[in-house]
Amino acid sequence: MNKILVTGALGQIGSELVVKLREIYGVDHVVAADLRSSSHEITQSGPFELLDVTNAKAMFEIANRYKVDTVIHLAALLSAVAEEKPLLAWNLNMGGLMNALEVSRELGCQFFTPSSIGSFGPSTPKDNTPQDTIQRPNTMYGVNKVSGELLCDYYFHKYGLDTRGLRLPGLISYMTPPGGGTTDYAVEIYYAAVSTGRYTSYIAKGSDMDMMYMPDALNAIIDLMEADSSLLIHRNSFNVTAMSVDPEAIAAAIRDEFPGFILDYDIDPKRQAIADSWPHSIDATAAKTEWGFHARYDLKAMTKDMLSQLSERQMLRKA
Ligand code: VAH
């Protein structure tokens, strides 16, 4: 990676990944692009372009103008929104991906796009889900993710495009909140713990799902992109995870820091159905052996850091 275009740069992953990439590769080497503009620091701290990823010409023009050699394509709708707006999800998630792959093919770029634990479905083995297994998801988001994995492998085999991907679990961060995902509860719960000391979960007790702290996810993306291509047996996409947790486990970890924290439930049947179709825990052995994936934060370490970062921000706001 030398000159990198990041689409969906103001989203949950992009807003932190761009900052980190600019630290490593240099401010002018990372072009951030998003559909909307905002006062977010990444729109000021380096190249920023407005981009609708369904506009193939505009994407090509930007990538070509900056002479990028890497495309990190993040722009997508998350699972709960995709389920509400399946046609929009197909057009945006698949149309955007196809355009990003075509731009990368024409300009000979290295390519990354995230897949998800949402690429698995009810018939997938639920525990320690293998790298290579049944993928018959029953959500539009999952259909998009499996199709995306196949498309990226197709471009690798047919055109020799250096495509790489991760099946990311729910990502937890104190910087940019997610929007419209099934695992969003695992972020909201920390914000609520700090602001009101209680949280009502829309996901039921016992719904174990894989999660990861954002710093580990950013490192995983960069480590995979920097990995020696000849060592990769898999490409699209690698299982990665740091923990498998349900709302009770997160609440218990929060209580280690904030003993009075209260958790109750008001289940959202739509998001619960999506969660029920996903694995309880996935096996990341292939990522560990092929390119050395490792996560530094477990539930305890992540909870400590989340609560201290959010408390600090709250104190600064009040000051
Ligand atoms: C979602 N966070 O909930 C996303 C993700 C692990 C699932 O892809 O939609």
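The structure under discussion appears in the preceding block.
Residues numbered from 1 in each chain as written. Predicted model: local features only at pLDDT ≥ 70, side-chain atom pairs only at ≥ 80, totals over all residues. Heavy atoms only, no water.

## A closer look at the site of the ligand
Link 1 in the chain: Near the ligand you find L78, S79, S116, I117, Y141, L168, P169, G170, G181, T182, T183 and W278, and these make up its full shell.
Link 2 in the chain: Interatomic distance of 2.8 Å between a side-chain N/O atom of S116 and an oxygen atom of the ligand.
Link 3 in the chain: Between the ligand and T183, the relevant distance is 2.9 Å, taken from a nitrogen atom to a side-chain nitrogen or oxygen of the residue.
Link 4 in the chain: Relative to its unbound accessible surface of 270 Å², the ligand loses 94% to contact with the protein.
Link 5 in the chain: For the shell around the ligand, the domains that each give at least three residues are domain 1 (4–169 + 233–239) and domain 2 (170–211 + 242–318). (Near = heavy atom within 4 Å. Polar contact = N/O pair within 3.5 Å; in protein donor to acceptor, adjacent residues only side chain to side chain. Areas by Shrake-Rupley, 256 points an atom, 1.4 Å probe, with all protein chains shown as cover. Domains from an automatic or database assignment.)

## Regarding the packing of aromatic side chains
For any pair of aromatic rings, the description consists of the separation of the ring centres together with the inter-plane angle of the planes.
Link 1 in the chain: Per the counting criterion, the structure on display carries seven aromatic pairs.
Link 2 in the chain: Where Y154 meets Y155, the ring centres are 6.1 Å apart and the plane angle is 70°; that geometry is what we call edge-to-face.
Link 3 in the chain: Classification of Y154 as partly exposed rests on a relative accessible area of 43%.
Link 4 in the chain: An aromatic cluster is built from Y154, Y155 and Y159, whose rings are joined through pairwise contacts.
Link 5 in the chain: The ring of Y159 has R105 sitting right over it, with the charged end atom 5.1 Å from the ring centre.
Link 6 in the chain: A cation over an aromatic ring shows up here: R271 above the ring of Y202, its NZ or CZ 3.5 Å from the ring centre. (Phe/Tyr/Trp six-rings, centres within 6.5 Å; stacked < 30°, edge-to-face > 60°. Buried < 20%, exposed > 50% of the residue type's maximum accessible area, 1.4 Å probe, protein only. Lys NZ or Arg CZ within 6 Å of the ring centre and 35° of its normal.)

## Considerations on the pattern of salt bridges
Link 1 in the chain: As enumerated under the stated definition, the model contains eleven salt bridges in all.
Link 2 in the chain: Among the salt bridges present, the one from R65 reaches E61, with a minimum N-O distance of 2.8 Å. Taken together, the residues span about one helical turn, with R65 and E61 both in helix α3 (residues 56–65) at a distance of four residues.
Link 3 in the chain: One salt bridge in this structure joins R271 and D268, with 2.6 Å as the shortest N-O distance.
Link 4 in the chain: Connected through salt bridges with shared partners, the residues E49, E61 and R65 form a single ionic network. (Salt bridge = Lys/Arg side-chain N within 4 Å of Asp/Glu carboxyl O. Helix = DSSP H or I, 4+ residues; strand = E, 2+ residues; numbered from the N terminus.)

## Quick look at the pairing of strand β10 (residues 198–201)
Link 1 in the chain: Burial along β10 is one-sided: Y199 and S201 are buried, and none of R198 and T200, which face the opposite way, are.
Link 2 in the chain: Pairing of β10 with strand β14 (residues 262–265) involves four bridges; the strand directions are parallel. The partner of Y199 across the bridge, within β14, is L263. (Pairing = 2+ DSSP bridges.)

## Some words on helix α10 (residues 269–276)
Link 1 in the chain: Within α10 the residues assigned to the buried category are Q272, I274 and A275. Viewed along the axis of α10, the buried residues span an arc of 160°, placing them on a single side of the element. Across α10 from its buried face, at more than 90 degrees, point the exposed residues P269 and K270.
Link 2 in the chain: If you follow the buried residues of α10, they end up packed against α4 (79–84) and β11 (209–213).
Link 3 in the chain: The distance from a side-chain oxygen at the start of α10 to the backbone nitrogen of K270 is 3.0 Å, and the residue carrying that oxygen is D268. (Arc of directions from axis to C-beta. Contact = heavy atoms within 4.5 Å.)

Spatial relationships are all this shows, so hold off on functional conclusions.
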